[in-house]
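Residues per chain are reported as follows:
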Amino acid sequence: MQSPAIDGDRLWSRLMQLAECGATAKGGVNRQALSLEEHAAWRLVIGWAESAGLAASTDAAGNLFLTLPGSDAEALPVMTGSHLDSQPTGGRFDGVYGVAAALEAVCTLAEAGVKPSHDLVVVAWMNEEGSRFAPGMMGSEAFAGMRSLEFIRGVRDAVGISVGEALDAQMAEFSALPRKRLGFPIGAYVEAHIEQGPVLEAEEKVIGVVTGIQGKKTWEISLLGEEGHAGTLATADRRDALDAFSRIAQRMYREVGGDDPLVKFTIGRLRVEPNAPSVVPSRVVFSIDLRHPDNAVLDRLGDALERICKESCAPCDVELKRLVSAPSNEFDSNLQATIEQSARQRGIPSMHLLSAAGHDARYMAPLCPSAMIFIPCRDGVSHAEHEWAEPAHVTAGADVLLDTLLTLCGD
Ligand code: HGY
Ligand code: MN
Ligand code: MN
């Protein structure tokens, strides 16, 4: 069946409206997971979905589903979407593009009177970014049964609010939404997303057929020392947690982040306590985000990071909390071929590439045939307020997504 044409102007307008939910002064967004800003985005997408005849629902992990019912009750749903939460200095496209493009594709079908054989489910995953609540990808991991609801609900943000409390507030705010059981069978999953890297733009391609997502490990590491008077406590008698951190960090940057350009090593969050100019720091808590496409290298470097902590923490103590350990994966080759064929038939230049950024699709891949469609972003910039994508690319990605959904439904 020839795909009906998506409305690119409507899609762009909706992306710009969603960018108002948590808009920052510099033109980006700060739309934290389970925040009032994300609730505002929920209300927009639910309104658009329901006006096209889709049914909105949620689950105990705070995921949002917008469903166009299919004709074959036996057929497993086909799912597509991404996330609505952002980084604190986020852009207008990371995550939200995948939700808006999915909604545009499915609404286009609904408005054309197409009744797909399979339920088509648009999803907005809870807390993909892991900014307010770490680790990220809580909604998709809970859906996939890879993280317990108990663990998730117990995680607290910087001001002590737990995911459980924020989830309960969201459920109260959207109490009219029916609840699906957490983790229902799906037949296939496709996620559209900006590349968040420079490759497509450099190669002058518009569609990225994503082969997989590189591996990732994250930790929260605490160094435990002792408060002391900055003016009276002798250096030799100090258990200075920040001094220990500086030794450990320097070794990590040198010995792990060093010469292999494929290694992505980031210390993105650092908390010093009591964080007072005249007190010797007693506690330092910092994050580590380590990524590499080769699983054996990722494991080896992860072990090296933990060894460095233990070797260089004295006279302080160290606590290592592993948060994520996700190997590199491969997406379904048939789905990749479907995406590539759609781009070719539409005369859109495409290429295969590995995703350097993480996505919820990683956790769908073990459940069902899964794939991702990338579009370029300007200068490869993301997780920054000046993140940008071109309207023509936004439309092209949604067109290819629509073709892929129709192929998955056998329509
Ligand atoms: O961190 C990531 O790779 C994703 O953009 N949250
Ligand atoms: Mn994202
Ligand atoms: Mn992101």
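Before reading on, note that the structure itself is shown above.
As a starting point, this report considers the structure included with it. (Residues numbered from 1 in each chain as written. Chains lettered and ligands numbered in written order. Predicted model: local features only at pLDDT ≥ 70, side-chain atom pairs only at ≥ 80, totals over all residues. Heavy atoms only, no water.)

1. Quick word on the site of ligand 1
Neighbouring ligand 1 are Glu128, Glu129, Gln196, Arg291, Ala357, Gly358 and His383. At 3.1 Å from a nitrogen atom of ligand 1 is found a side-chain nitrogen or oxygen belonging to Glu128. Contact between ligand 1 and His383: an oxygen atom at 3.0 Å from a side-chain N or O atom of the residue. Against a free-state accessible area of 220 Å², the protein chains account for coverage of 93% of ligand 1. For the shell around ligand 1, a count of residues per class yields 1 nonpolar, 3 polar and 3 charged. (Near = heavy atom within 4 Å. Polar contact = N/O pair within 3.5 Å; in protein donor to acceptor, adjacent residues only side chain to side chain. Areas by Shrake-Rupley, 256 points an atom, 1.4 Å probe, with all protein chains shown as cover. Nonpolar A, V, L, I, M, F, W, Y, C, P; charged D, E, K, R; others polar.)

2. Looking at the packing of helix 1 (residues 8-18) against helix 12 (residues 391-408)
Pairs of packed helices are described in terms of their axes, by the angle between the two and the distance that separates them. Across the interface, helix 1 lies against helix 12 with an axial gap of 9 Å and an inter-helix angle of 110°. By the criterion of interaxial angle, the relationship of helix 1 to helix 12 is roughly perpendicular. The hand of the helix 1/helix 12 crossing is right-handed. Where helix 1 abuts helix 12, its residues Gly8, Leu11, Trp12 and Leu15 lie against Pro391, Val394, Thr395 and Ala398. (Axes fitted to C-alpha atoms, helices over the stretch in contact; angles between N-to-C directions. Helix = DSSP H or I, 4+ residues; strand = E, 2+ residues; numbered from the N terminus. Parallel < 35°, antiparallel > 145°, perpendicular 65-115°, else oblique. Left-handed = near helix turned anticlockwise from the far one by under 90°. Contact = heavy atoms within 4.5 Å.)

3. As for the coordination of the manganese ion (ligand 3)
Within the protein, the atoms that donate to the manganese ion (ligand 3) are Asp94 (OD), Glu129 (OE), Glu129 (OE) and His383 (NE2), at distances of 2.1 to 2.5 Å. Linear spacing of the donor residues for the manganese ion (ligand 3) on their chain is D-x34-E-x253-H. The class of His383 is partly exposed, set by a relative accessible area of 38%. (Donors = N, O, S within 2.8 Å, 3.2 Å for Na, K, Ca; no water. Buried < 20%, exposed > 50% of the residue type's maximum accessible area, 1.4 Å probe, protein only.)

4. Observations concerning the pattern of salt bridges
For the structure shown, the criterion picks out 22 salt bridges. Between Glu165 and Arg156 there is a salt bridge whose closest N-O contact spans 3.8 Å. A salt bridge links Arg251 to Glu255, with the shortest nitrogen-to-oxygen separation between them at 2.7 Å. Placement of the pair is Arg251 and Glu255 together in helix 8 (residues 241-255), with a separation of 4 residues, close to one helical turn. Look at Arg251 and you get buried, because its relative accessible area is 17%. What you see here is one network of salt bridges that share partners, running through Arg251, Arg254, Glu255, Arg307 and Glu311. (Salt bridge = Lys/Arg side-chain N within 4 Å of Asp/Glu carboxyl O.)

Limitation: the analysis is restricted to geometry and does not speak to function.
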